[in-house]
Amino acid sequence: MPPAQTISPSRSKGLSGEGEASQSTRKRGKQALIAKEVVTPRLKSKATPVAKGSRLFSWFKPTVEGFVTIYKAPVLTQVEWVKNGVGARDAKVILNQLRVPQGEALTALHIPVATVNRKAKTNAHLSPAESERVLGVGRLLGQLQTMVQESGNLDGFDASAWLSAWISTPVPALGGARPLDLMDTMTGQALVSQMIAQMQSGAYA
């Protein structure tokens, strides 16, 4: 009978150590692969570009000249502004000229207050529809300023204050509605603009 084969303690220990080392290596490799898969999407999301502001209105200042420029801009230029969107911060500046609570003005224009406040942090653009309604307010201010300039009676007249008071007051010709309540549609804005144009004669004497 052949003698029984025995494995020396040192050999047994060596084989066991090699097995443990192999398992440890595979485990580390697997962990590294998982870590790589987890980190990769984070790096991609970190590289996502963030809106840095509205370049369309980098020239805009809330002055008489600024609003007259909006009012007199060529139609195609105004269309471009609408399509590209007005920055939320620029929208706030324009609406602030109405001197009514900004939340009330935004609600009248059917623009969510929370959306504007969130986008204002980076001056992200409003949607084309929202931008068009905001620009309508800017055009009214520019229209009124232009009318005052043409009348030659600029002394002591505050176009922003006058428009703010008028646009917030119920008008019998509108069935008792405020002009502000019509500013959420372009048809309504056109009607408000027409009413202002009709008041030019003798309105600022």
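Everything discussed here concerns the structure shown above.
The structure displayed is predicted, hence computed values, not measured ones.

K.L.:
I'd like to hear about the nonpolar core, residue by residue, with values.
P.N.:
Grouped together as the largest cluster of nonpolar side chains are 40 residues, with contacts concentrated most on L98, V134, L163, W166, M183 and I196. Taken together, the elements giving at least two residues each to this core come down to α2 (64–72), α3 (75–84), α4 (88–96), α5 (102–108), α6 (113–120), α7 (128–151), α8 (159–167) and α9 (186–198). Per element, the largest residue contribution to this core is seven residues, and it comes from α7. When residues no more than four places from it in sequence are discounted, the contact partners of V134 are A91, I94, L95, L109, I111 and L126.

K.L.:
Before we move on, can you summarise α3 with the specific residues and values?
P.N.:
Here α3 has its buried residues at Q78, W81 and V82. Each buried residue of α3 lies within a common arc of 95° when the element is viewed along its axis, so the set occupies one face. Seen from the buried face of α3, the exposed residues on the opposite side, beyond 90 degrees, are L76 and K83. The inward-facing, buried residues of α3 abut α2 and α7. Following α3 by one or two positions, G85 has its phi on the positive side, about 90°.

K.L.:
Hey, could you go over the environment of E130 for me, with residue numbers and the actual values?
P.N.:
By the element assignment, E130 lies in helix α7. In this structure the C-alpha to C-alpha distance between E130 and P112, which are 18 residues apart in sequence, comes to 9.6 Å. Discounting chain neighbours no more than four positions away, the residues touching E130 are I111 and P112.

K.L.:
Outline α8, listing residues and values.
P.N.:
Burial in α8 covers these residues: A159, S160, L163, S164, W166 and I167. Looking at where α8 begins, the residue whose side-chain oxygen comes 3.1 Å from the main-chain nitrogen of S160 is D158.

K.L.:
Hey, could you go over the pattern of salt bridges for me, with residue numbers and the actual values?
P.N.:
Side-chain pairing between opposite charges can occur once the charged atoms of the two side chains come close. Applying the stated criterion to the full structure yields three salt bridges. Here R99 makes a salt bridge to D158, at a shortest N to O gap of 2.9 Å. Taken together, the residues R99 in the loop between α4 and α5 and D158 in the loop between α7 and α8 connect sequence positions 59 residues apart. Among the salt bridges present, the one from E104 reaches R178, with a minimum N-O distance of 2.7 Å. Of this pair, E104 sits in helix α5 while R178 sits in the loop between α8 and α9, placing them 74 residues apart in sequence. Taken together, the shared-partner salt bridges in this structure form one network comprising E104, R178 and D181.

How each quantity is defined
Numbers given to residues run from 1 along each chain, matching the order in which its sequence is written. Thresholds applied to this predicted model are a pLDDT of at least 70 for local features of residues and 80 or more for the giving and counting of side-chain atom pairs; totals over whole chains, interfaces and linings are not thresholded and use all residues. Remark: hydrogens and water are excluded; side-chain values derive from all non-hydrogen atoms of the structure. The criterion is simple. A nonpolar core is a set of buried Ala, Val, Leu, Ile, Met, Phe, Trp, Tyr and Cys residues joined through side-chain atoms within 4.5 Å. Burial here depends on accessible area, computed with a 1.4 Å probe over protein chains only, as a share of the maximum for the residue type. Under 20% is buried, over 50% is exposed, and the range in between is partly exposed. Helix and strand assignments follow DSSP, with helices taken as H or I runs no shorter than four residues and strands as E runs no shorter than two, numbered in order from the N terminus. Residue contacts are defined here by distance: any two heavy atoms, one from each residue, within 4.5 Å place the two residues in contact. Read the arc as the range of directions from the helix axis to the C-beta atoms. By the criterion applied in these results, polar contacts are pairs of N or O atoms within 3.5 Å in which, for protein atoms, one can donate a hydrogen and the other can accept it, and in which residues neighboring in sequence qualify only through two side-chain atoms. Salt-bridge detection follows one rule: a side-chain nitrogen of Lys or Arg within 4 Å of a carboxyl oxygen of Asp or Glu.

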